[in-house]
Amino acid sequence: MGNPLLAERYSLLRIAALCAGSQSMRTLSSSPVRRPNTRGLLLALLITMGWATPAQADLEDAPSSIRTPQEAARERLQVAKAELESWVSELVPERELPAKQRKWLHERVRTMTDALDWVPEEVVPAATVLLDLASFRISRMPESSYFISGGTRFFVRDVGFQALELIQADGHDSELTDWLTRGVLADRRLNSDNRRWLALYFLLRSENKLLDRILVRVAADHDDALSNEVLGLLPTRESPIVDEFLVARLQQPRVLGTPHPYNLLRERLQLGTLDSAAANHLIHHVKGLLLSTDWREASRGIELCRDMAPERATPMLLEGLYTWKSRSDREDGNARRLTWDIVGVLRRISGRNIGDTPNNWMTWWKSVRLDPSRLRNARDEPPQQRESITDFYGLRPTSNRITFIIDHSTSMGHTPLGRRIDRYKEAVDQLLNYLHAAGEETMFNVILFDSTPMTSTPHLIAATPRNLERAQRALLSRYPRGSTFLRGAVEAALKLDRQGNADPAKVDIDTIVVLCDGQTDSGRGWVRPLLERVNDDLRVVFHCVQIGAESDGSLEDLAEYSGGTFIFIPE
């Protein structure tokens, strides 16, 4: 080539051809590093040399065999996603995953998370399949053991959950949490429950301003499988939206099978103060409860006052005391118990013991208003003993609607050293002495329990001399025998049906007194579940007496979980 210009063009053409044919350029599509389009470069050189036009370059640039790094990453992500979806749909959790499959799973997940560096807009498609891995065979709110225990399902969950955490840490927190909140937790139409369980578990570990609003929506939908779990979580959320929701639930019809609204609100009050608007709404509601003619509603109002600020609770309690003391003086139903329930809360607030006379408490409150420093919040102190005319083994149950549950097992026939009568006869004497002193306005019945419960009368009767004489003859005619089936006696006293449910309209007592001298047939495990299931509606208080050192904890639990008193009588 004698022409220098042609020689120069020929040299440039050779360089471009060599670049196009090199091994490094042939592997562009699989490299994560951004490199120039080789064929496009060749065409540009041809244009420079006048051997091609720009139009021809546009037609030839970026052919199908050459992709941008973004396109390659998106394709890798889509392939890995499809493979994982197919794999997890056929996965048998009972079979142990071989090491080869575990490695394969890690590689596919890593391919997806790495690809997001190039295509961050694909976070949701990637997170969808990872969420299916993390929620594999989950049927309720996960615990840490759902990811750290052995076995196939735990391994798969752990891989998926760690990948979600990695995506979150890599700068995708906002997109991920927003999608999990709006697109998964809030949408039960398009997402399975196990997905939503895992989304809830994940979201509770992160900050999300929208979450409380979605939680309230889920909690309000009682057809939602997550509703009860979310209801149980709400008291731990310090949010005006949650506070308003919990207070509003007090005025809505009770939905059986869901956590009781009063229990949820009490838990919230114990964890912290309410938002001001919700607190004002609560005060208005509690005032109505305390003056209600329904003693169970008034009892709930008193219980809520226990957890409110003393300066807010005391005026309402004083108004309630005037009302229920007046009803008690008229021998009105369950008014005696309500009167002393209110006095009990006032004692906690004041640290004083000045009886059940409303005027005495009003005088104290006036002095506190003149000098607020005199108000001593004693809510954390143990309650002082209630006032009563008489006692049963030192127990002073202030009520005029009582069922006595008395141990009638063989061990009650034992006569302690230094005593003239056996345990059972002593219990009968204590019972009759209490009822004689309590007066004829007191209504009662008795349930004896050994291997089976025996009820004296299906309904309460007045503690008249004649009724007490008949009760004494009937009780002493039965000599102790059999085992100690306490649970059956408690279920009989609460009038539970065969399914274990209670009807408040059929339960005419507000107090149960239990006496037992030893371990029971059923242990203590049944007590709390039973009371949590039925006593939120019944509002019955258990006062319990344990004779002797042998105990399985049943009596302590009955008293604790119903708000009653436990007394131990050593021998």
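Structural data are supplied above this passage.
We now turn to the structure provided with this report. Not measured: the values here are computed from a predicted model.

### A look at the overall build of the protein
Okay, step 1: If you tally the helices and strands in the protein, you get 24 helices and 7 strands.
Okay, step 2: Counting over 571 residues, the protein shows a buried share of 48%.
Okay, step 3: A separation of at least 24 residues holds for 70% of the contacts in the protein among residues at least 6 apart in sequence.
Okay, step 4: When the accessible surface of the protein is split by element, carbon and sulfur atoms take 50% of a total near 28,100 Å².

### Let's talk about helix H17 (residues 310-329)
Okay, step 1: A rise of 1.5 Å per residue sets the reference length of H17, with its 20 residues, at 28 Å; its end C-alpha atoms lie 27 Å apart and thus fit the reference within 8%.
Okay, step 2: Listed in full, the buried residues belonging to H17 are Pro310, Ala313, Thr314, Met316, Leu317, Leu318, Gly320, Leu321, Trp324, Lys325, Arg327 and Ser328.
Okay, step 3: For H17, the elements touching its buried residues are helix H15 (276-290), helix H16 (295-306), helix H18 (335-350) and helix H19 (358-370).
Okay, step 4: Backbone geometry just after H17 places Glu331 at a positive phi near 55 degrees.

### Focus: the state of the cysteines
Okay, step 1: Going through the model one piece at a time under the given rule, you end up with 0 disulfides.
Okay, step 2: Free cysteine: Cys516, not disulfide-bonded; nearest cysteine sulfur from Cys544 at 9.4 Å.
Okay, step 3: Residue Cys516 is classed as buried on the basis of its relative accessible area, which comes to 1%.

### What to know about helix H23 (residues 527-538)
Okay, step 1: Those residues of H23 that sit buried are Val527, Leu530, Leu531, Val534, Asn535, Asp536, Asp537 and Leu538.
Okay, step 2: Residues of H23 that are buried in the fold lie against helix H14 (261-271), H16, helix H22 (486-493), strand E6 (541-547) and helix H24 (554-562).
Okay, step 3: Two residues or fewer past H23, Arg539 is found with a positive phi of approximately 65 degrees.

### With respect to the environment of Met112
Okay, step 1: With respect to the helices and strands, Met112 occurs in helix H6 (residues 99-115).
Okay, step 2: We classify Met112 as buried; its relative accessible area is 0%.
Okay, step 3: Contacts of Met112, omitting those with residues within four sequence positions, involve Leu77, Ala80, Lys81, Leu84, Ala126 and Val129.

### Some details on the packing of aromatic side chains
Okay, step 1: Overall, the coordinates contain 8 aromatic pairs when judged by the stated rule.
Okay, step 2: Ring-pair connections join several aromatic residues into one group, and the members of that group are Phe392, Tyr393, Phe404 and Tyr434.
Okay, step 3: One residue, Arg327, lies across the ring of Trp324, its end atom 4.3 Å from the ring centre.

### Some words on the pairing of E6
Okay, step 1: Where burial is concerned, most of E6 is hidden: 7 out of the 7 residues are buried.
Okay, step 2: Side chains Val541, His543, Val545 and Ile547 project from E6 onto one buried face, and the interleaved Phe542, Cys544 and Gln546 project onto a second face that is buried too.
Okay, step 3: Here E6 pairs with strand E7 (residues 566-569) via 4 bridges, running parallel. Across the sheet, the residue bridging to Cys544 is Phe566, located in E7.
Okay, step 4: Chirality of the crossover, the property in question, places the unit of E6, H24 and E7 among those that are right-handed.

### So, the packing of H23 against H24
The angle between the axes and the distance between the axes are what describe a pair of packed helices.
Okay, step 1: Taken N-terminus to C-terminus, the directions of H23 and H24 make an angle of 30 degrees; their axes are 9 Å apart at the nearest point. Taken together, the axis directions place H23 and H24 in an arrangement best described as roughly parallel. Crossing handedness for the pair H23 and H24: right-handed. Contacts from Val527, Arg528, Leu531 and Asn535 of H23 reach H24 at Ser554, Asp557, Leu558, Tyr561 and Ser562.

### Examining the packing of helix H11 (residues 211-220) against helix H13 (residues 240-249)
Okay, step 1: Where H11 meets H13, the closest approach of the two axes is 9 Å, and the angle between their N-to-C directions is 20 degrees. Viewed along their axes, H11 and H13 adopt a mutual orientation that is roughly parallel. Remark: the crossing between H11 and H13 carries right-handed chirality. Facing Asp212, Arg213, Val216, Ala219 and Ala220 of H11, the residues of H13 in contact are Ile241, Val242 and Phe245.
Okay, step 2: Of the residues in the contact of H11 with H13, the class split is 6 nonpolar, no polar and 2 charged.

### A word on unusual backbone geometry
Okay, step 1: With phi around 55 degrees, Lys495 is a residue other than glycine that occupies positive phi space.
Okay, step 2: Relative to the helices and strands, Lys495 is located in the loop between H22 and strand E5 (511-516).
Okay, step 3: Non-glycine residue Arg539 carries a positive phi angle of around 65 degrees.
Okay, step 4: In this structure, Arg539 sits in the loop between H23 and E6.

### Details of the pattern of salt bridges
Okay, step 1: With the rule as written, the count across this model stands at 34 salt bridges.
Okay, step 2: A salt bridge links Arg74 to Glu122, with the nearest nitrogen and oxygen atoms 3.3 Å apart. With a gap of 48 residues between them, Arg74 in helix H5 (residues 69-89) and Glu122 in the loop between H6 and helix H7 (123-134) connect regions that are remote in the sequence.
Okay, step 3: With relative accessibility at 15%, the residue Glu122 sits in the buried group.
Okay, step 4: A salt bridge links Asp341 to Arg337; the shortest N-O distance between them is 3.1 Å. Note that Asp341 and Arg337 are positioned in helix H18 at a spacing of 4 residues, about one turn of the helix. For the pair shown, Asp341 and Arg337 are each scored as buried.
Okay, step 5: Each of Arg266, Glu303, Asp307 and Arg539 takes part in one network of salt bridges that share partners.

### Some details on the pairing of E5
Okay, step 1: With 6 of its 6 residues buried, E5 lies for the most part within the structure.
Okay, step 2: Across the two faces of E5 the burial is the same, with Thr511, Val513 and Leu515 and Ile512, Val514 and Cys516 all buried.
Okay, step 3: Relative to E6, E5 runs parallel, the two sharing 6 bridges. Residue pairing for E6: Ile512 is matched across the bridge by Phe542.
Okay, step 4: Following the chain from E5 across H23 to the adjacent parallel E6, one finds a crossover that is right-handed.

### Observations regarding the environment of Ala335
Okay, step 1: You can see Ala335 is positioned in helix H18.
Okay, step 2: With a relative accessible area of 0%, Ala335 lands in the buried category.
Okay, step 3: Taking the C-alpha atoms as reference, Ala335 lies 8.1 Å from Ser399; in sequence the two are 64 residues apart.
Okay, step 4: Discounting chain neighbours no more than four positions away, the residues touching Ala335 are Trp324, Arg327 and Ser328.

Thresholds, definitions, all that
Here the residue numbering is sequential within each chain, running from 1 through the sequence in written order. Only residues with pLDDT of 70 or above have their local features reported here, since the model is predicted, and side-chain atom pairs are shown and tallied only from 80 upward, although totals for entire chains, interfaces and linings are computed over all residues. Hydrogen atoms and water are omitted, and side-chain values are computed over all heavy atoms in the structure. In this description a helix means any DSSP run of H or I spanning at least four residues, a strand means any run of E spanning at least two, and both kinds are numbered starting from the N terminus. Each residue gets one of three labels from its accessible area relative to the maximum for its type: buried under 20%, exposed over 50%, partly exposed in between, using a 1.4 Å probe on protein chains only. Note on definitions: a residue-residue contact is assigned when non-hydrogen atoms from the two residues lie within 4.5 Å. Residue burial considers only the protein chains on display, and all accessible areas are found by Shrake-Rupley using a 1.4 Å probe. Helix span is expected to be 1.5 Å times the residue number reduced by one. Put simply, a disulfide is two cysteine sulfurs that come within 2.5 Å. Centres within 6.5 Å make a pair out of two Phe, Tyr or Trp rings, where for Trp the six-membered ring is used; the pair is then stacked when the planes are under 30 degrees apart, edge-to-face when over 60, and tilted otherwise. Counting as a charge over the ring demands two things of the Lys NZ or Arg CZ atom: a distance within 6 Å of the ring centre and an angle within 35 degrees of the ring normal. Only strands that DSSP links by at least two bridges are regarded as paired with each other. Seen with its strands pointing away from the viewer, a crossover is right-handed if its path from the first strand over the helix to the second goes clockwise. Lines are fitted to the C-alpha atoms to define the axes, a helix being fitted only along its stretch in contact, and any angle between axes, read from their N-to-C directions, falls within 0 to 180 degrees. Geometric relationships in this document are graded by angle, where less than 35 degrees denotes roughly parallel, more than 145 denotes roughly antiparallel, 65 to 115 denotes roughly perpendicular, and other angles denote oblique. Two helices that cross are described as forming a left-handed crossing if the nearer one is turned anticlockwise from the farther one by less than a right angle, and a right-handed crossing if clockwise. Think of it as three bins: nonpolar holds Ala, Val, Leu, Ile, Met, Phe, Trp, Tyr, Cys and Pro, charged holds Asp, Glu, Lys and Arg, and polar takes everything else, Gly as well. Salt bridges are defined by distance alone: a side-chain nitrogen of Lys or Arg within 4 Å of a carboxyl oxygen of Asp or Glu.

Read these as spatial facts, not as claims about activity.
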